[in-house]
Amino acid sequence: MAKLRWVSDGDFWELDASTPRTLEGAARAVPGKALPLGLSRGTRLSRPNQIDFMQRFMAAPFLPSYTNHFGVTLQRVLSVPLSENWSALLLGQFNLRKFLSSLKDNGGAVTSMRDLKSVGKLLLDKSLYALGFSSEILLTADDTLHLSSDSYYAHNPSIPRKKAVYRHKFPSHNLMIDAAWPALFVDKETGDYWDVPFSMALDLASLPSDSGPSYHLCLHHNHGSPKQFQGDPNAQVPASLLPGFSAKCASSYKNNVDIWRSKAQKLKMVQPYDIFLSDPHVSASGTIGAALSVNFGESSARLVEDAKDIKQLSFHHPALKSSLLGDIFASMSFTAQHGNFQRLFSDLTRFHVRMDIPSGSKFLSGATQLAQDLLNSRQPSCEAIKSMCPTTTLSLQQQIAGPFSVRVDSGVLIDFEDKSWRIKADQPVFAIEYALHVLFSAKAVAWYSPKHREFMVELRFFET
């Protein structure tokens, strides 16, 4: 399970986060500090295509978003017809907060033609606008090339971004090669955003499945000095974002178990609002795997230092500026759903919890220390218990009426500095979802993140 802001393909890889801070509407995840598993982006509809769909089929003239830096912005796209295998979209963004602030500075109310001319002059201010161009070329039935470029006008705190992505579908694997300059990354632990001047990755991953083995290989190269995006310029850069090259591979095995699944008949002649949420059930799943990372460049020494708790496999060669890291990981999840999501009211309640152990060696080290403390009648070490605690995320979804439902996703943290070990929510995300039942499994999602102070409206397909 991933948070509402995180695209999930059902596996244990680092995935993209949705964010309105860029026109692309996404940020890559900073690879985990325990062991950088690499970057595996989930497939989804691009931001311009989402807006185009909502304009065409949901009568949405503009799509709003909010960040604490830009305030409220409005987005609209213009489709440029080229050919059957080549599409292009022009995305425009209008900064409503900046416009209203400028209007207020000019006196506020519009009472005369002179005032209307002043408003017109304000609307010509280039700093109110951002422009993005994206093009997708279907090279063959299995090959796609996506190009995008974002341009921000004067006095805009964002910098221009360019990106190229190539995707190829194999019978049982997906290949993706992408380059971005600069690339935006987000640290899931701290919530900080980072700009890397140039980042390129080759990603080969087996198709996700409910049960069975999966494999993942990633080659990743960063170039240039990372800077925090609209934050503290003196903040310490995550080790995995420093200039260098890394090769990462991982394999895992997943098993799903149905504890209970309803055999009751559904309502006849009534289509569920979402076919993926139409079966009441209780299920559990478990994943276990191993990962290996080889790193070259400035990042190698810091990665070893950050991964000092990984004792099974860790090696650093200062002369060659290289390091080798290896570890095991595990994940467990539990899902319970009531209702078929067919009726107008009280026909969907869904609960999901996931616990991840990103570093098996750190977990085993903590368990060993805890066992020694108990055998020697010592008070258990706080550090030992902390190293054993899995990364836990919770999700609760409840139907409001018809296709509308409310959803809350949040991490769970234990405050070990508090003597009572108080449990608190970590980066909660609140959302209202509108299921597009005509499309079987699609939804419009409006979510808000208090931690990042971000609001966004998105279109998503085949996600639970």
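The structure we're discussing is the one just above.
Here goes a summary of the coordinates provided.

Parameters at a glance
- Residues numbered from 1 in each chain as written.
- Predicted model: local features only at pLDDT ≥ 70, side-chain atom pairs only at ≥ 80, totals over all residues.
- Heavy atoms only, no water.
- Helix = DSSP H or I, 4+ residues; strand = E, 2+ residues; numbered from the N terminus.
- Polar contact = N/O pair within 3.5 Å; in protein donor to acceptor, adjacent residues only side chain to side chain.
- Phe/Tyr/Trp six-rings, centres within 6.5 Å; stacked < 30°, edge-to-face > 60°.
- 1 Å grid on protein atoms, 1.4 Å probe; cavity = no way out; pocket = protein on both sides within 12 Å on 5 of 7 lines; lining within 4 Å.
- Points joined across faces, edges and corners; volume = space filled by probe spheres on them.
- Nonpolar A, V, L, I, M, F, W, Y, C, P; charged D, E, K, R; others polar.
- Pairing = 2+ DSSP bridges.
- Salt bridge = Lys/Arg side-chain N within 4 Å of Asp/Glu carboxyl O.
- Buried < 20%, exposed > 50% of the residue type's maximum accessible area, 1.4 Å probe, protein only.

1. A closer look at the side chain of Ser127
And step 1. Secondary-structure assignment places Ser127 in the loop between helix H3 (113–123) and strand E6 (129–138).
And step 2. In this structure the side chain of Ser127 is engaged in a polar contact, spanning 2.9 Å, whose partner is the side chain of Asp125.

2. Looking at the packing of aromatic side chains
And step 1. Under the definition given, this model contains eight aromatic pairs.
And step 2. Between Phe94 and Tyr129 the ring centres are 5.5 Å apart and the planes differ by 50 degrees, which places this aromatic pair in the tilted class. Pair noted here: Phe94 is in strand E5 (residues 86–95) and Tyr129 is in strand E6, with a separation of 35 residues, a long-range link.
And step 3. By the ring-pair criterion, three or more aromatic residues cluster together here, those being Phe53, Phe57 and Phe461.

3. Describing empty space enclosed by the protein
And step 1. Per the stated rule, a full pass over the model turns up seven cavities of 30 Å³ or more.
And step 2. Lining the largest cavity are 16 residues, with Glu24, Ala26, Lys163, Ala180 and Leu184 sitting closest to its centre.
And step 3. Taken together, the elements giving at least two residues each to the lining of the largest cavity come down to strand E2 (26–29), strand E7 (143–152), strand E8 (161–169) and strand E10 (183–186).
And step 4. Tallied by class, residues from the lining of the largest cavity come to six nonpolar, three polar and seven charged.

4. Digging into the pairing of strand E20 (residues 391–401)
And step 1. Alignment of strand E19 (residues 349–357) against E20, held across eight bridges, turns out to be antiparallel. Bridge assignment links Phe351 to a residue of E20, and that residue is Leu396.
And step 2. Taken together, E20 and the strand that follows it, strand E21 (residues 404–415), pair antiparallel across an intervening segment of two residues, in which Gly402 is found at a positive phi of about 55 degrees.

5. Section: the pattern of salt bridges
And step 1. A complete count under the given rule lists 15 salt bridges for this structure.
And step 2. For the salt bridge of Asp373 with Arg378, the shortest nitrogen-to-oxygen distance reads 2.9 Å.
And step 3. Classification of Asp373 as buried rests on a relative accessible area of 3%.
And step 4. Across the pair Lys443 and Glu433 runs a salt bridge, and its minimum N-O distance is 3.5 Å. Of this pair, Lys443 sits in strand E23 (residues 442–449) while Glu433 sits in strand E22 (residues 422–435), placing them 10 residues apart in sequence.
And step 5. Using a relative accessible area of 5% as the deciding quantity, one classes Lys443 as buried.
And step 6. Judged by relative accessible area, which is 3%, Glu433 ranks as buried.

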